[in-house]
Amino acid sequence: MKTSFPKQDIKVLLLEGVSRSAVESFQRAGYSQLEYHEKALPEAELKARIAEAHIVGIRSRTQLTDEVLQQAKRLIAVGCFCIGTNQVDLGSARRLGVPVFNAPYSNTRSVAELVIAETIMLLRGVPQKNALCHRGGWTKSAAGSFEARDKVLGIVGYGHIGTQVGVLAESLGMRVIFHDIESKLSLGNARAANSLEDLLERADVVTLHVPETPATQMMIGTRELARMRKGSLLINASRGTVVDIDALAASLRSEHLAGAAVDVFPVEPKGNDDAFVSPLLGMDNVILTPHIGGSTLEAQDNIGIEVAAKLVRYSDNGSTLSAVNFPEVSLPEHPRSRRLLHIHRNVPGVLSRINELFSAGNINIDAQFLQTDSEVGYVVIDVAADEKQSGELRDRLAAIPGTLRSRVLY
Ligand SMILES: NC(=O)c1ccc[n+]([C@@H]2O[C@H](COP(=O)([O-])OP(=O)(O)OC[C@H]3O[C@@H](n4cnc5c(N)ncnc54)[C@H](O)[C@@H]3O)[C@@H](O)[C@H]2O)c1
Ligand SMILES: O=C(O)[C@H](O)COP(=O)(O)O
């Protein structure tokens, strides 16, 4: 499949209403074939559209499964315009020679601010008071209302979001404890808990900031909820699969937990026109938000610029720096050479076949870059060759057994 051509022929498919800043970034970089959709596409349509695309940009809803990626014969890169990359089969993309990029920081502050706001609202019992007022009720009472000051905030997953939540919470006078599988530098006066169980038993408010992994699936279920203090609060703005939502509903119904704020769900509507269904519907002490933790204009603008820049850099220059599933190579400009990219299965013999091809043709290599992981090798070769020669070289590289993708950059 041909994947080497001038950038005005490269087709970019942008889904789920990624920020217009991404569109502008692609256009500024000379990419004019942009297809933009406000929503995630149904699977059949996704397969049809991705089959034509060279670059695809998604957010958290589009599932790029192995089956979908197998249709994407022309695809050179995926951009997740968000933090999470669990919606992409990263192994499958790697084995197809497709690097995946994301925006690891741009919306973290937005999530942290929402969590702090929810902490205060839940501690004051505002969700249920607000709901009652809307129904014409009036509960002017201090019962069940608390200051955040001096309360213990337990942060599960002390990464980019968790640490910012901790710093903001300390400025309110909260006492912060955290649990992480990695050893982490404590910011401010935060202290590591001895274990997840220890954190659950000590915290007045527990907030979850782990990624979706096999280990975090249903990490908070009946047993863990029972360990939480009576009257405590749970906030989940991580991924819907981290909490057993039926167990959470049961804990709230039994009044063991006093309230919760949930932004992410095991099953989420595909778009704003679809119905939202959850066992938490109708519970006045639960703040429900439609996966908008990272949805601020500031965050989305920055994400659009950041991820588009990574995709453009890979497409124009071959750099895979910060790819989440791929050997990372940071490449200099190549003003006087043609650049050939070769992605292959990491099996014996491929590199020697590549080098033989250049020595047999008596072609001088200006620079060569190589990075491998256990499955995939990525070689970048700069040569002094004209357009015709480099096209021929690309075709011969593509014929080497084990080749996954090969391109010549214009
Ligand atoms: N609601 C939203 O809109 C929204 C926005 C951004 C991110 N997120 C979610 O939040 C998650 C966290 O984001 P981040 O930027 O802080 O990620 P991060 O990678 O910086 O931090 C995650 C932390 O969790 C820890 N961790 C991983 N597995 C764990 C386990 N089993 N037990 C305990 N700790 C574990 C990691 O070591 C890491 O420190 C993202 O993966 C994404 O799924 C949601
Ligand atoms: O992973 C993320 O960054 C968040 O879950 C946000 O996802 P979204 O772009 O679909 O809002």
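Note that this is a predicted model, so its numbers are computed, not measured.

Would you mind showing me how to read the overall build of the chain here?
From N to C terminus, the chain includes 13 helices and 16 strands. C-alpha atoms of the chain, sized along the principal axes, occupy 85 × 45 × 30 Å. Looking at the chain as a whole, 51% of its 410 residues qualify as buried. Across the chain, the fraction of contacts at a sequence separation of at least 24, relative to all contacts at a separation of at least 6, is 65%. Just so you have it, the chain exposes about 18,800 Å², and 52% of that area is on carbon and sulfur atoms. The positive charge centre, built from 44 side chains, and the negative charge centre, built from 47, are 1 Å apart in the chain.

Teacher, can you tell me more about the site of ligand 2 here?
Surveying the vicinity of ligand 2 reveals the residues R59, S60, F81, C82, I83, G84, N107, R239, H291 and S295. Measuring from an oxygen atom of ligand 2, one finds a side-chain N or O atom of N107 at 2.9 Å. Calculation on ligand 2 without its partners gives an accessible area of 320 Å², and the protein chains cover 91% of this total. By residue class, the composition of the shell around ligand 2 is three nonpolar, five polar and two charged.

It is not clear to me how the pattern of salt bridges should be interpreted in this structure. Could you clarify?
Should their charged atoms come close, side chains of opposite charge can pair. Tallied over the full model, the rule gives 22 salt bridges. We note a salt bridge from K39 to D273, for which the minimum N-O separation is 3.7 Å. Remark: D273 occurs in the loop between β11 (257-262) and β12 (286-288) and K39 occurs in the loop between β2 (33-36) and α2 (43-50); sequence separation between them is 234 residues. Owing to a relative accessible area of 36%, K39 belongs among the partly exposed residues under this scheme.

It is not clear to me how the site of ligand 1 should be interpreted in this structure. Could you clarify?
Lining the immediate surroundings of ligand 1 are 27 residues, of which H160, I161, D180, K184 and D263 lie closest. Contact distances for ligand 1 include 3.4 Å between a nitrogen atom and a backbone N or O atom of I181. G294 places a polar main-chain atom, nitrogen or oxygen, 3.0 Å from an oxygen atom of ligand 1. When isolated, ligand 1 has an accessible area of 870 Å², and the protein chains bury 89% of it.

What am I meant to see in the packing of aromatic side chains here?
Aromatic rings considered in pairs are described by the distance between their centres and by the relative angle of their planes. Per the counting criterion, the structure on display carries five aromatic pairs. On the numbers, 3.8 Å between centres and 5° between planes, the contact of Y158 with F178 is stacked. Of this pair, Y158 sits in the loop between β6 (152-156) and α7 (160-171) while F178 sits in strand β7 (residues 175-179), placing them 20 residues apart in sequence. With respect to burial, Y158 and F178 carry one shared label: buried. Note that R20 overlies the ring of Y36, its terminal NZ or CZ placed 3.8 Å from the centroid.

Before we go on, may I ask you to explain the sheet that holds β12 in this structure?
Reading across from one edge, β8-β7-β6-β9-β10-β11-β12 is the order of the seven strands in this open sheet, with parallel pairing throughout. The two strands at the open ends of the sheet, each matched to only one other strand, are β8 (191-192) and β12. Summarising the sheet, β6 and β7 pair through five bridges and their orientation is parallel. Bridged to V156 within β7 is H179. Helix α5 (residues 108-123) rests against β9 (205-208), β10 (232-236), β11 and β12 of the sheet, and its axis sits at about 155° to β10.

Help me understand the confidence of the model for the chain in this model?
If pLDDT is low for a region, its predicted coordinates should not be looked at in detail. Of the residues in the chain, 99% have a pLDDT of 70 or more, and the chain-wide mean is 96. Two summary scores accompany this predicted model of the complex, namely pTM at 0.94 and ipTM at 0.99.

How do you make sense of the pairing of β10 when you look at a structure like this?
On any regular strand, side chains alternate: one points to one face of the sheet, the next to the other face. Taken across its five residues, β10 has five buried, putting it largely inside the fold. The alternating pattern of β10 places S232, L234 and N236 on one face and L233 and I235 on the opposite face, and all of these are buried. Both β9 and β10 contribute to a ladder of four bridges, which runs parallel. Pairing of V206 across the sheet is with L234, part of β10. Taking the sense of rotation as the criterion, the β-α-β connection linking β9, helix α9 (residues 222-227) and β10 turns out right-handed. Pairing analysis gives five bridges linking β10 to β11, with the strands arranged parallel. Residue pairing across strands places L234 opposite A260, the latter belonging to β11. Each parallel crossover has a hand, and the one from β10 via helix α10 (residues 245-253) to β11 is right-handed.

Here is what the cut-offs are and how they apply
- Each chain has its residues counted from 1, following the order in which its sequence is written.
- Throughout, the order in which chains and ligands are written sets their labels, letters from A for the former and numbers from 1 for the latter.
- In keeping with the model being predicted, local features are shown solely for residues with a pLDDT of at least 70 and side-chain atom pairs are shown and tallied solely at 80 or more, while totals for entire chains, interfaces and linings include all residues.
- As a convention, hydrogens and water are excluded, and side-chain values are obtained from all of the structure's heavy atoms.
- Going along the chain from the N terminus, every DSSP run of H or I of four or more residues is numbered as a helix, and every run of E of two or more is numbered as a strand.
- Note on classification: 1.4 Å probe, protein chains only; a residue is buried when its accessible area is under 20% of the maximum for its type, exposed when over 50%, partly exposed between these limits.
- The contact definition used throughout considers only heavy atoms, calling two residues in contact when any of these lie within 4.5 Å.
- For accessible areas, the Shrake-Rupley method is used with a probe of radius 1.4 Å. Any residue's cover is judged against the shown protein chains and nothing else.
- The sign given to each residue is positive for Lys and Arg and negative for Asp and Glu; His and the chain ends receive no count.
- Every charge is mapped onto a representative atom, which is NZ of Lys, CZ of Arg, CG of Asp or CD of Glu.
- Working definition: residue near molecule or strand if any one of its non-hydrogen atoms lies within 4 Å of it.
- Any pair of N or O atoms that falls within 3.5 Å is considered a polar contact. Within protein, one atom must be able to donate a hydrogen and the other to accept it, and sequence-neighbouring residues count only if both atoms are side-chain atoms.
- Each residue gets one of three labels, nonpolar for Ala, Val, Leu, Ile, Met, Phe, Trp, Tyr, Cys and Pro, charged for Asp, Glu, Lys and Arg, and polar for the others, Gly among them.
- Salt bridges, as used here, are contacts in which a Lys or Arg side-chain nitrogen is within 4 Å of a carboxyl oxygen on Asp or Glu.
- For Phe, Tyr and Trp, where Trp contributes only its six-membered ring, two rings pair if their centres lie within 6.5 Å, and the inter-plane angle classes them as stacked under 30 degrees, edge-to-face over 60, or tilted in between.
- Two conditions define a charge located above a ring, namely a distance within 6 Å from the ring centre to NZ of Lys or CZ of Arg, and an angle within 35 degrees of the ring normal.
- Pairing between two strands requires that DSSP report at least two bridges joining them.
- Interaxial angles span 0 to 180 degrees and are taken between N-to-C directions of axes, which are lines fitted to C-alpha atoms, for helices over the stretch in contact.
- pLDDT is a per-residue confidence score from the predictor, ranging from 0 to 100.
- Every crossover in which the path from the first strand over the helix to the second runs clockwise, viewed with the strands pointing away from the viewer, is termed right-handed.

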